[in-house]
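Listed below, chain by chain, are the residues.
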Amino acid sequence: MLKLVRFYGYRGLRIVKGSMQYVWDDTGRRFIDCHAGHGAAFLGHSNPTIVEAVASQARELIAASSSFSTPSLEEALAEFSRVAPPWAEEIVFLNTGSEAVEAALKAAWLATGRRGVVALKNSFHGRTLASLSVTWNPRYRSGAPVLDATFISPTIDPGDVDKRVPRDTAAIIIEPIQGEGGLTRVSPELAKALKEAADRVGALLIFDEIQTGFGRTGRTWAHLELGVEPDIMTAGKSIAGGLPASAVVSRDGVLKSLAGGRHGSTHAANPLSMAAVAAASRLLRGEGVPDKARRAGALLAQLLQERLGGLRPVRDIRGEGLMLGVELRFDPGPVLRCLQESQSVLALKAGATVVRLLPPYAISRRDVEMVAYGLEQCICREAGC
Ligand SMILES: Cc1ncc(COP(=O)(O)O)c(C=O)c1O
């Protein structure tokens, strides 16, 4: 047997089943899943609506190139258009978030004829070469032939943005709330300053909503709160209810530069993922998922504040909707282990010190109480309260 090389540290758990906000290991133990496959299971594990759509599509057609029309692609296009941001006019479907970022950056390079890229410190946009070029973490970048990007602090005075954006910039890319970087929110003032700087030099502004999008922050797209329209937006993670699919949308005329073989991917717009995108988009609207995420997130944030707000090892509690982070004064690794082993809660890390919670929208009041209680127990056990 070949040796599996794991990209991420092994969590010592064999997950055999999932249902909405829960997963089970091979001993039958149930976990509240605030990891959710890096957020991909936001619509719930094996959500019956997604399962039904995928199962019936699998019986009809699994593989087809987007050179052809298929009913699932037509349906995904129609349904995703209903949830897309109002300024968007073009779309391409791909498979992963990094692929979406690659396509977005390539479209910006083709549109401007330049190579310069600007991103924020602590950004995360993926680990393929173009997306890695705008990912800040030096540990991920080291040894790879990435482009020389300009990184601006997310806490920069918006008045200073203009002089930090070079003339040769093709794209400025930002996450409305940094996910992997530690749940730092971009202010409307900074977003506006970045938009103005992009317009001044003729660069394209890209909002990466791969983690924040599709309802997670309590609205369908987090950037709609910022009062700024980008040229391009990327989406991924949960847009196909947990199957691999991503999308790039743009204002008119931006993505068409990728046509004619300038970009592509074998599995892009494959029938299974497209059936799942159609079902997920219908579910998002039909079940009012963003509202539910906003309410569940507000309750979780309130309970976290009540239980953890005054604890000495806790520096901050932040985030939006069901994208929340608890910043500690120490490495969160032992707290994540304790949560998993003694509280049956799965969570993930963000930045060097943040416990990140990305549960499915169906998380219940009882689950939320258990997560807040579990965190209090584990933080106090590891750091003393
Ligand atoms: C904001 C953001 N962009 C891009 C990516 C990369 O997506 P993927 O891992 O699907 O390639 C991620 C993944 O966590 C992300 O959070």
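Residues numbered from 1 in each chain as written. Predicted model: local features only at pLDDT ≥ 70, side-chain atom pairs only at ≥ 80, totals over all residues.

With an unreviewed UniProt entry as reference, the chain is termed Putative [LysW]-aminoadipate semialdehyde/glutamate semialdehyde transaminase, source organism Aeropyrum camini SY1 = JCM 12091. UniProt, in the comment section headed Subunit (unreviewed entry), describes the chain in these words: "Homodimer." For the chain, the Subcellular location (unreviewed entry) comment in UniProt is given as "Cytoplasm". (UniProt positions renumbered as here; feature names shortened; annotations may be inferred.)

Q: Looking at this structure, how should I read the environment of G319?
A: When you line up the elements, G319 lands in strand β11 (residues 314-320). Given 28 C-beta atoms within 10 Å, G319 falls into the buried group. The sequence separation of G319 and D160 amounts to 159 residues, and the corresponding C-alpha distance is 25 Å. The contact partners of G319, leaving out residues within four places of it in the chain, are I177, L183, L324 and G325. (Helix = DSSP H or I, 4+ residues; strand = E, 2+ residues; numbered from the N terminus. Buried ≥ 20, exposed ≤ 12 C-beta atoms within 10 Å, placed from the backbone. Contact = placed C-beta atoms within 7 Å.)

Q: Please explain helix α8 (residues 271-286) as it appears in this structure.
A: With 16 residues, α8 extends 22 Å from end C-alpha to end C-alpha; this agrees with the ideal 22 Å at 1.5 Å per step. The buried fraction of α8 amounts to 13 of the 16 residues, a majority that puts the element mostly inside the structure. Taken from the residues just after α8, G288 is the one with a positive phi, measuring 55 degrees. (Expected span 1.5 Å × (residues − 1).)

Q: I'm lost on the UniProt feature "modified residue: N6-(pyridoxal phosphate)lysine" (unreviewed entry) in the chain in this one. Help?
A: As recorded in UniProt, the sites labelled "modified residue: N6-(pyridoxal phosphate)lysine" (unreviewed entry) are K237. Secondary-structure assignment places K237 in the loop between β9 (232-235) and β10 (246-250). Residue K237 is classed as buried on the basis of its 27 C-beta neighbours within 10 Å.

Q: Would you mind going over the nonpolar core with me for this structure?
A: It is characteristic of soluble globular proteins that their nonpolar side chains tend to be buried jointly. I172, L204 and A276 are the most contacted members of the largest nonpolar core, which totals 122 residues. Beyond its immediate chain neighbours, meaning those up to four positions away, L204 contacts A108, A111, T112, A170, A171, A198, D231, I232 and V254. (Core = buried A, V, L, I, M, F, W, Y, C linked by C-beta atoms within 7 Å.)

Q: Got a minute to help me understand the packing of helix α3 (residues 71-83) against α8 in this structure?
A: Two elements in contact, α3 and α8, have axes separated by 8 Å at closest approach and are oriented at 30 degrees. Regarding the angle of α3 to α8, the classification is roughly parallel. Handedness of the crossing formed by α3 with α8: left-handed. Contact residues: S72, L73, E75, A76, E79, F80, R82 and V83 in α3; P271, M274, A275, V277, A278, S281, R282, L284 and R285 in α8. Of the residues belonging to the contact of α3 with α8, the class tally is 10 nonpolar, two polar and five charged. (Axes fitted to C-alpha atoms, helices over the stretch in contact; angles between N-to-C directions. Parallel < 35°, antiparallel > 145°, perpendicular 65-115°, else oblique. Left-handed = near helix turned anticlockwise from the far one by under 90°. Nonpolar A, V, L, I, M, F, W, Y, C, P; charged D, E, K, R; others polar.)

Q: Before we go on, may I ask you to explain the UniProt feature "binding site: pyridoxal 5'-phosphate" (unreviewed entry) in the chain in this structure?
A: In this numbering, the UniProt entry assigns the feature "binding site: pyridoxal 5'-phosphate" (unreviewed entry) to F124, D208, E209, I210, Q211 and T266. Taken along the chain, the residues just named run across 143 residues; in space they spread out, the farthest C-alpha pair reaching 25.2 Å. Topologically, Q211 is positioned in the loop between β8 (204-208) and β9. Contacts of Q211, omitting those with residues within four sequence positions, involve G39, E175, G179, K237 and M323. Its 9 C-beta neighbours within 10 Å are what place T266 among the exposed residues.

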